[in-house]
Amino acid sequence: QVQLVESGGGLVQAGGSLRLSCAASGRAFSRYAMGWFRQAPGKEREFVAHITRSGGSTYYADSVKGRFTISRDNAKNTVYLEMNGLTPEDTAVYYCAALSAAGAAVVRPESYIYWGQGTQVTVSS
């Protein structure tokens, strides 16, 4: 089992940047591809970014492509989400999650087996 804890959220002005971290417990972290999702009030949970187990491949939602960067450090059991050019539309609770199996649909929340508790990101205009 893997436990995930996000950090790094906060309040930032439009155009600003934040770096989210997701620390994983256990030795199995490198076995899991990881994803970031977000959920705004009244909306469904939305895919943001995905990274493979080795970190060699990444995939982004169109809404964040070119502004957000996902990365991981398997030695530190941590996955990151660097967010630049933030807009009020990026306001949400951000979650990291571990993909259940290779080949699962990475954009679907149902494909992820372990989730963190989330960290709030608020972007003011």
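Structural notes, computed from the coordinates. (Residues numbered from 1 in each chain as written. Predicted model: local features only at pLDDT ≥ 70, side-chain atom pairs only at ≥ 80, totals over all residues. Heavy atoms only, no water.)

### Looking at the state of the cysteines
Selection rule: Our working definition of a disulfide is a cysteine sulfur pair at a distance within 2.5 Å. The way it works is that DSSP assigns letters per residue, a run of H or I at least four long becomes a helix, a run of E at least two long becomes a strand, and they are numbered from the N terminus.
In the structure shown here, the tally under the stated rule is one disulfide. For C22, the disulfide goes to C96, at an S-S distance of 1.9 Å. Every disulfide takes its handedness from the sign of the S-S torsion; for C22 and C96 that torsion is 55 degrees, giving right-handed. Here C22 is found in strand β3 (residues 18–24), whereas its partner C96 is found in strand β9 (residues 92–99), with 74 residues between them in sequence.

### Some thoughts on the nonpolar core
What counts, and what does not: As used here, the term nonpolar core means buried Ala, Val, Leu, Ile, Met, Phe, Trp, Tyr and Cys residues forming a set that is joined through side-chain atoms within 4.5 Å. The rule is simple: take the accessible area with a 1.4 Å probe, protein chains only, and divide by the maximum for that residue type; under 20% is buried, over 50% is exposed, in between is partly exposed. Every residue pair with non-hydrogen atoms within 4.5 Å of one another is taken to be in contact.
Counting 39 residues, the largest nonpolar core has M34, W36, V79, L81, M83 and Y94 as its most contacted members. Secondary structure elements with two or more residues in this core: β3, β4 (34–39), β5 (46–51), β7 (68–73), β8 (78–83), β9, β10 (112–115) and β11 (119–124). Looking at this core, the element that brings in the most residues is β9, giving six residues. When residues no more than four places from it in sequence are discounted, the contact partners of M83 are G16, S17, L18, L20, R67, F68, Y94 and V121.

### Focus on the pairing of β4
Here is the rule: Should DSSP find at least two bridges between two strands, the strands are regarded as paired.
Of all six residues making up β4, five are buried, and the element is well covered by its neighbours. One ladder, built from five bridges, connects β4 with β5; its direction is antiparallel. Paired with W36 across the two strands is A49, which belongs to β5. The turn linking β4 back onto β5 is made up of six residues, and G42 within it adopts a positive phi angle of 80 degrees. Summarising the sheet, β4 and β9 pair through six bridges and their orientation is antiparallel. Residue pairing across strands places G35 opposite A97, the latter belonging to β9.

### Concerning the sheet that holds β3
Hydrogen bonds between backbone atoms are what pair the strands of a sheet, whose relative direction is either parallel or antiparallel. Inclusion rule: Here the axes come from fitting lines to C-alpha atoms, over the contacting stretch only for helices, and the angles between their N-to-C directions go from 0 to 180 degrees.
With antiparallel pairing, four strands are arranged side by side in an open sheet as β1-β3-β8-β7. Single-partner strands in this sheet number two, and they are β1 (4–7) and β7. Across the sheet, the mean angle separating the axes of adjacent strands is 15 degrees when strand polarity is ignored. Relative to β3, β1 runs antiparallel, the two sharing four bridges. Among the inter-strand pairings, E6 is bridged to a residue of β3, identified as C22.

### With respect to the environment of A24
By the element assignment, A24 lies in strand β3. A residue is classified by how much of its surface remains accessible, and A24, at 11% relative accessible area, is buried. As for A24 and G116, which are separated by 92 residues in sequence, their C-alpha atoms are 9.0 Å apart. Once residues within four sequence positions are removed from consideration, A24 is found in contact with V2, Q3, L4, F29 and N77.

### A closer look at the pattern of salt bridges
To be explicit about the condition: For this analysis, a salt bridge means a side-chain nitrogen from Lys or Arg found within 4 Å of a carboxyl oxygen belonging to Asp or Glu.
In total, this model carries six salt bridges according to the counting rule given. Notably, a salt bridge pairs E46 with R38, separated by 2.8 Å at the nearest N-O pair. For the salt bridge of K65 with D62, the shortest nitrogen-to-oxygen distance reads 3.1 Å. Residue classification places D62 among the exposed residues on the basis of a relative accessible area of 65%.

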